[in-house]
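Examining the three-dimensional arrangement
Single-letter residue listing:
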Amino acid sequence: MQTNFLSQQFNAGSLAENSTACPANATICDGTSCVLTGDNFNQTLSVVLSTVLTIMLALVMFSMGCNVEIKNFLGHIKRPWGIFVGFLCQFGIMPLTAFLLSLAFNVLPIQAVVVMIMGCCPGGTASNVIAYWVDGDMDLSISMTTCSTLLAMGMMPLCLFIYTKMWTDADAIVLPYNSIGLSLVALIIPVSCGIFINHKWPSKAKIILKVGSIVGAVLIVLIAVVGGILYKGSWVITPKLWIIGTIFPAAGYTLGFFLARLAGLSWNRCRTVSLETGMQNTQLCSTIVQLSFTPEQLELMFTFPLIYSIFQLLFALLILGGYRLYRRHHVKTNTDIEKTAQKEDSKSSAKINGGFISDEMK
């Protein structure tokens, strides 16, 4: 199942010749990337942090659910135009972009496959947190994440079958349906609880939402840092994958936004679709890669999911910063409108009262 990759691009003899490019304790090295031996500390750290991050993620999704209105959420399900646009972006634009980037940079077949796997993954839950901070449509964001994760069980095998035929057999890629199912459960249950809280106790839901949004922002950064610690021995990798990892999320954000705008969606929904398109479930991609390939194959590309996650986070923060600056200078908040109205009222009353304006009204 996996030997067809090795026959095309991997020469065992070249490992020893280029071993000086990697650390002395590297188990595999070909001069372009290397794999370090696992140690007990890293394994223990991985288990502990995975447990903590899973609990934190559930709490964050619970808080995001507190911003979802049942009526609006069901409205998106009954009239799924926004979800359909997101579906086209998720399983139309992203796989095609991955395919074109792989051809354009002429990467090795096994590297092209991992780029394709990333392009076929559903949206990640981090997009819900960023969508909240850019005033996106949270009802659409949650429904898109849920639907893309559910549809991934059928769309991922289909997209991989269509696009990877020129590089490998579709049967060589192992899809962890149990992981996809767990991701779906970890998304639906906390969000459903949050929706219920928002329906029953709206005032308490607002408090939970504020706390959860801050925790979610910290969690996104923490995941990136943890990934860097756990994969510390794999940063020496072919420049082509670094370039693709930079362009790919940026293309997803941009194309998702413009397609949503062409479809006639409102600006806040365009921002939502853009984030849902560009932010992929990188953890799922890493799981698929580790299940599908041998260590000899992994050394050529197994850090690509981490590279993608770094740049998708970086571009998301740039989008957030740009939106906040735009909102500060071009969009009046309710408080600004109230102050302007009060100032106009004071000026009109000043004309009646002989031109007197109090200091408080200036």
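Labelled according to an unreviewed UniProt entry, the chain appears under the name Ileal sodium/bile acid cotransporter, originating from Lonchura striata. Check the Sequence similarities (unreviewed entry) section of the UniProt entry for the chain; it says "Belongs to the bile acid:sodium symporter (BASS) (TC 2.A.28) family."

This part takes up the packing of aromatic side chains. All chains considered together, the criterion is met by 10 aromatic pairs. Seen from their ring centres, W81 and F84 are 5.8 Å apart, and the 25° between their planes marks the pair as stacked. A residue pair is termed a helical-turn pair when its members lie 3 or 4 positions apart in one helix, as W81 and F84 do in helix α5 (residues 81-105) at three residues. A relative accessible area of 46% places W81 in the partly exposed class. A relative accessible area of 40% places F84 in the partly exposed class. A centroid spacing of 6.4 Å and a plane angle of 85° characterise the contact between W242 and F311, whose relative ring orientation is edge-to-face. Here W242, found in helix α11 (residues 239-262), pairs with F311, found in helix α15 (residues 304-330); they are 69 residues apart in sequence, far enough to count as distant.

Looking now at the nonpolar core. If you look at the biggest cluster of nonpolar residues, it comprises 33 residues, and the most contacted ones within it are V115, M116, I117, M156, F248 and F304. Contributions of two or more residues to this core are made by α5, α6 (109-120), α8 (138-163), α11, α13 (282-292) and α15. Top element by residues in this core is α6. It accounts for nine residues. Each residue touching F304, except ones within four places of it in the same chain, is listed here: V114, V115, M118, L241, I244, G245 and F248. Counting 24 residues, the second-largest nonpolar core is a separate cluster that includes M56, M61, L209 and Y323.

Counting buried positions along helix α7 (residues 126-133) yields six of eight residues, so the element is predominantly enclosed. Turning to α7, its buried residues are S127, N128, V129, I130, A131 and Y132. Two residues or fewer past α7, D135 is found with a positive phi of approximately 60°.

Together, L96, L100, L103 and M166 line one region of the surface with nonpolar side chains, adding up to about 370 Å² of accessible area. With respect to the helices and strands, the residue L103 is situated in helix α5. Relative accessible area serves as the criterion here: at 39%, L103 is assigned to the partly exposed category.

Quick look at the environment of G322 now. Along the chain, G322 turns up in helix α15. Residue classification places G322 among the partly exposed residues on the basis of a relative accessible area of 39%. Residues G322 and V134, spaced 188 residues apart in sequence, show a C-alpha to C-alpha distance of 9.5 Å.

On the secondary structure map, I208 appears in helix α10 (residues 202-230). Taking relative accessible area as the criterion, I208 reaches 27% and is therefore assigned partly exposed. Separated by 145 residues in sequence, I208 and S63 place their C-alpha atoms 5.6 Å apart. In contact with I208, other than residues within four places in its own chain, are F62, S63, C66 and I197.

Tracing the backbone through its elements, the reader meets S102 in helix α5. Under the relative-accessibility criterion, S102 is labelled buried at 3%.

Before going further, it helps to spend a moment on the pattern of salt bridges. A side chain with one charge can pair with a side chain of the opposite charge if their charged atoms come near. One pass over the full model with this rule turns up two salt bridges. Residue R327 is joined to D135 by a salt bridge in which the shortest nitrogen-to-oxygen separation is 2.8 Å. In this pair, R327 is assigned in helix α15 and D135 in the loop between α7 and α8, connecting sequence segments 192 residues apart. For D137, the salt bridge is made with R269, and the minimal N-O distance between the two is 2.9 Å. Placement of the pair is D137 in the loop between α7 and α8 and R269 in helix α12 (residues 267-278), with a sequence separation of 132 residues. Residue R269 is classed as partly exposed on the basis of its relative accessible area, which comes to 31%.

For the rest of this paragraph, the subject is unusual backbone geometry. Even without being a glycine, N106 presents a positive backbone phi close to 50°. Note on placement: N106 falls in the loop between α5 and α6. Note on N106: relative accessible area 59%, which makes it exposed. Positioned with a positive phi, D135 is a non-glycine residue whose angle comes to about 60°.

All right, on to the packing of α5 against α8 then. Relative orientation of the contacting elements α5 and α8 amounts to 40°, with a least axis distance of 9 Å. On the basis of the axis angle, α5 is oblique to α8. Note that α5 runs across α8; the crossing there is right-handed. From α5, G82, I83, G86, F87, Q90, F91, P95, L96 and F99 reach across to α8, where they touch L140, S143, M144, C147, S148, L151, A152, M155, C159 and Y163. When its residues are assigned to classes, the contact of α5 with α8 shows 14 nonpolar, five polar and no charged.

The next thing to look at is the UniProt feature "transmembrane region" (unreviewed entry) in the chain. Residues annotated by UniProt as "transmembrane region" (unreviewed entry) correspond here to residues 45-68, 80-104, 110-134, 141-163, 175-197, 209-230, 242-262 and 306-326. This span, residues 110-134, is 76% helix and 0% strand, and a straight line between its end C-alpha atoms measures 37 Å. Summarising residues 306-326: 100% helix, 0% strand, and an end-to-end C-alpha distance of 30 Å.

What counts and what doesn't
Residues numbered from 1 in each chain as written. Predicted model: local features only at pLDDT ≥ 70, side-chain atom pairs only at ≥ 80, totals over all residues. Heavy atoms only, no water. UniProt positions renumbered as here; feature names shortened; annotations may be inferred. Phe/Tyr/Trp six-rings, centres within 6.5 Å; stacked < 30°, edge-to-face > 60°. Helix = DSSP H or I, 4+ residues; strand = E, 2+ residues; numbered from the N terminus. Buried < 20%, exposed > 50% of the residue type's maximum accessible area, 1.4 Å probe, protein only. Core = buried A, V, L, I, M, F, W, Y, C linked by side-chain atoms within 4.5 Å. Contact = heavy atoms within 4.5 Å. Patch = residues over 30% accessible without salt bridge, like charges linked within 9 Å, V, L, I, M, F, W, Y side chains within 5 Å. Areas by Shrake-Rupley, 256 points an atom, 1.4 Å probe, with all protein chains shown as cover. Salt bridge = Lys/Arg side-chain N within 4 Å of Asp/Glu carboxyl O. Axes fitted to C-alpha atoms, helices over the stretch in contact; angles between N-to-C directions. Parallel < 35°, antiparallel > 145°, perpendicular 65-115°, else oblique. Left-handed = near helix turned anticlockwise from the far one by under 90°. Nonpolar A, V, L, I, M, F, W, Y, C, P; charged D, E, K, R; others polar.

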